[in-house]
Amino acid sequence: MIKFSVITCTYQAETVCERTFDSVLEQTYPYVEHLILDGASKDRTVELAKAYQEENDEDEDGHDVIVVSEPDRGLYDAMNKGIMKATGDFLVFLNAGDVFPSKDTLELVANSVGDGEDLPGVLYGDTDIVDDDGHFLRHRRLSPPKKLTWRSFKWGMLVCHQAFYARTDLARRNLYDLNYKYSADFDWCIRVMKDAEKCHLPLWDVNEVVVNYLEGGMSIQHHRASLKERFGVMRHHYGLVTTVLVHVWFVFRSILKK
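Our subject in this report is the structure included herewith.

### Things to note about the environment of Glu14
Looking at the secondary structure, you find Glu14 in the loop between strand 1 (4–10) and helix 1 (17–25). Classification of Glu14 by relative accessible area gives partly exposed; the value is 30%. Measuring from C-alpha to C-alpha, the distance between Glu14 and Ala96 comes to 8.9 Å, with 82 residues separating the pair along the chain. Here the side chain of Glu14 touches Arg44 through a polar contact of 3.0 Å, landing on its backbone nitrogen.

Right, dumping it as structure tokens:
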């Protein structure tokens, strides 16, 4: 059976982390480890994480929960630590505040892989945006294509980072580039998909909403710097001419919508 490593990176997240913990705790799929990488929070985040860990330990059907709290060099450094600790076949990042849409989400993702078939390079799905209280706001504007390749991302990050399940061996070969402050996840997804293509591993659409994403992530909070950095990522992977032409289309499309 497929095993999932769910990775949650936290820092000063006491107001939102419990709903993420509860969401993983409630998953009906049994083969799950939950890695919580905390950046030495000074609020109650670690206390809440350890209480959640104890609750799982007391349940004979509970998931494996590992809590680590130590200083790091930022979110992407913490994510790299999570990748190196992961023991599942696939890993997915579920940030503090983000939740699975239903109790059987991981079961649906696992069932998308047929019995006896080779594991794909990536499993991916759709995303809904929720507010601070977890209430539905809208479907994510960008949605994944039925046939995804690494070239698809020249049109933007069509798959939300938290809806992107990477094979752990591919993820481990393609750690986050800490030179990027806001767009390392964009670059990471492209590199993982490139590696999958080299290994002739397919990318499979789960055809389900697989995450409720908390509005207002790091790239939203630093929008202009994120866009500039993302341009550099696209230029690196797709070339300057393609990147410029795509951005001209983005501008033209925004004008047409007005």
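### Brief notes about the pairing of strand 5 (residues 122–130)
With 8 of its 9 residues buried, strand 5 lies for the most part within the structure. The pairing of strand 5 with strand 7 (residues 164–167) spans 3 bridges and is classified as antiparallel. Opposite Val122, over in strand 7, you have Ala166 as the bridge partner. Strand direction decides the pairing type here: strand 5 and strand 8 (residues 203–214), joined by 8 bridges, are parallel. By the bridge assignment for strand 8, Leu123 is matched with Trp204. Pairing analysis gives 3 bridges linking strand 5 to strand 6 (residues 136–139), with the strands arranged antiparallel. Pairing of Ile129 across the sheet is with Arg138, part of strand 6. Counted between consecutive antiparallel strands, the loop separating strand 5 from strand 6 contains 5 residues, among which Gly134 sits at a positive phi close to 85°.

The rules behind each value
Residues numbered from 1 in each chain as written. Predicted model: local features only at pLDDT ≥ 70, side-chain atom pairs only at ≥ 80, totals over all residues. Heavy atoms only, no water. Helix = DSSP H or I, 4+ residues; strand = E, 2+ residues; numbered from the N terminus. Buried < 20%, exposed > 50% of the residue type's maximum accessible area, 1.4 Å probe, protein only. Polar contact = N/O pair within 3.5 Å; in protein donor to acceptor, adjacent residues only side chain to side chain. Pairing = 2+ DSSP bridges.

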